[in-house]
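Fold and contact review
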Protein chains: 2
Amino acid sequence: MTLDFTKLNGLVTAVIQDYSTGRVLMVGFMNEEAFRKTVESGYATFFSRSRNKLWLKGESSGHKLVVKNISTDCDFDALLIQVEALGPGVCHEGYQSCFFRRLDSGEWKESEPRVYDPEAVYGSKS
Amino acid sequence: MTLDFTKLNGLVTAVIQDYSTGRVLMVGFMNEEAFRKTVESGYATFFSRSRNKLWLKGESSGHKLVVKNISTDCDFDALLIQVEALGPGVCHEGYQSCFFRRLDSGEWKESEPRVYDPEAVYGSKS
């Protein structure tokens, strides 16, 4: 448990990857407490930089991320977390993955359709 | 080209994924210039926080990362870059992926063998 939280002001980067498909679903950040809660609970828990507090992914949507494997990198400042994603999509905008825009001739273009209605899940479109 | 470089002091997170296998190989950071060079050259170029300068991945090892696709996430502060990795491994410690340690009963354990000798490639073991 020797993660290096010093490089990003108390945080490490956490890459979330679908355990079965290999798709990268999102990138978040964890402080030491979020990491501990992730390990103890088995559900990915982040530190929200915008809300400045712990954030259990799926706490409002129900789209929790069940942890299957956790790896760290050579300098212990990033995590790769393989998960089973509960629900149709990880992204709060209604997509399976947050990475739903691809660079195409210098422009970011939507590269996949929405899989759920974020208004129905979160109450308001964001 | 509306990436948000404000959240990490001029940087965005860049997740590097093997284009053909889906394996996550490393996480780096890009400033605006590194991103531009990545797009223009077709080779992943990072901003090294430790050396405080641009870093063409593979400039010393030859293990360059050929860009296949670039995606960004819902809030435009992270990149997912799918690459063809030239050479046997991406990690400067001699592994295919920087994520070669897995959490196992509370301890980080090496989860794969080295694929090349870093001393032979970089001149010194790091």
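So, here's what we can say about the structure. (Residues numbered from 1 in each chain as written. Chains lettered and ligands numbered in written order. Predicted model: local features only at pLDDT ≥ 70, side-chain atom pairs only at ≥ 80, totals over all residues. Heavy atoms only, no water.)

1. Section: the pairing of strand β7 (residues 101-104) of chain A
Let me state the cut-off plainly: Throughout, exposure labels follow a simple rule: accessible area from a 1.4 Å probe, protein chains only, divided by the maximum for the residue type, with under 20% read as buried, over 50% as exposed, and the rest as partly exposed. Counting from the N terminus, the helices are the DSSP runs of H or I reaching at least four residues and the strands are the DSSP runs of E reaching at least two. For two strands to count as paired, DSSP must find a minimum of two bridges between them.
Only one face of β7 of chain A is buried, namely the one carrying R101 and L103 of chain A, since none of R102 and D104 of chain A on the opposite face is buried. Inspection of the sheet shows β7 of chain A paired to strand β5 (residues 65-72) of chain B by two bridges, in the antiparallel sense. Considered in β5 of chain B, the bridge of R101 of chain A is made with T72 of chain B. Sheet topology places β7 of chain A next to strand β8 (residues 107-110) of chain A; four bridges connect them, and they run antiparallel. Pairing of D104 of chain A across the sheet is with E107 of chain A, part of β8 of chain A. In textbook terms, the turn of a hairpin is the stretch between consecutive antiparallel strands, and for β7 of chain A and β8 of chain A this stretch comprises two residues, one of which, S105 of chain A, has a positive phi near 55 degrees.

2. A closer look at the sheet that holds β5 of chain B
Counted only if it meets this: For helices, the fitted line uses only the C-alpha atoms of the stretch in contact; every axis is such a line through C-alpha atoms, and the angle between N-to-C directions lies from 0 to 180 degrees.
If you trace the six strands from one edge of the open sheet to the other, you get β8(A)-β7(A)-β5(B)-β6(B)-β1(B)-β2(B), paired in mixed fashion. Each end of this open sheet is capped by a strand with a single partner; those strands are β8 of chain A together with β2 (24-30) of chain B. Taken pair by pair, the neighbouring strands of this sheet meet at an average axis angle of 35 degrees, ignoring direction. With six bridges connecting them, strand β1 (residues 12-18) of chain B and β2 of chain B associate as antiparallel partners. Among the inter-strand pairings, Q17 of chain B is bridged to a residue of β2 of chain B, identified as V24 of chain B.

3. Structural notes on the interface of chain A and chain B
Let me state the cut-off plainly: In what follows, residue pairs with any heavy atoms lying within 4.5 Å of each other are defined as contacts. Note on terms: buried area is the combined drop in 1.4 Å-probe accessible area of two parts once they are placed together, counting the loss on both. We define a salt bridge as a side-chain nitrogen of Lys or Arg found within 4 Å of a carboxyl oxygen belonging to Asp or Glu. Under the rule applied, a polar contact is a pair of N or O atoms within 3.5 Å (in protein, one hydrogen donor and one hydrogen acceptor; residues adjacent in sequence only if both atoms are side-chain atoms). Classification used: nonpolar for Ala, Val, Leu, Ile, Met, Phe, Trp, Tyr, Cys and Pro, charged for Asp, Glu, Lys and Arg, polar for all others including Gly.
Taken together, the 38 residues of chain A in the interface contact 38 residues of chain B. Carbon and sulfur atoms supply 64% of the area that chain A and chain B bury against each other, a total of about 3200 Å² over both sides. A per-residue breakdown of the area chain A buries against chain B is headed by C74, F99 and W108 of chain A, which together make up 22% of the total. Put simply, chain A and chain B have two salt bridges between them. The partner of D77 of chain B in a salt bridge is R49 of chain A, and the shortest N-O contact between them spans 3.1 Å. On inspection of chain A and its partner chain B, the count reaches 14 residue pairs in polar contact (both at pLDDT 80 or more). Every element with two or more residues in the side of chain A that touches chain B is listed here: β1 (12-18), β2 (24-30), α1 (32-41), β5 (65-72), β6 (78-85) and β7 of chain A. The residue makeup of the side of chain A that touches chain B, split by class, is 21 nonpolar, 10 polar and seven charged.

4. Looking at the relation of the copies chain A and chain B
Two copies of a chain can be linked by a rotation about an axis combined with a shift along that same axis. Note the cut-off: Only residues with pLDDT of at least 70 in both copies count here: their C-alpha atoms drive the least-squares fit that superposes the copies.
Note on the copies: chain A fits chain B at an RMSD of 0.0 Å, the axial shift is 0.0 Å, and the rotation between them is 180 degrees. Here the transformation between the copies is reduced to the relation of a two-fold axis. When each C-alpha of chain A is compared by its distance to the rotation axis, G22 of chain A comes out closest, at 2.7 Å. Interface overlap between copies: 100% of the residues of chain A at the interface are likewise at the interface in chain B, consistent with a symmetric, same-surface contact.

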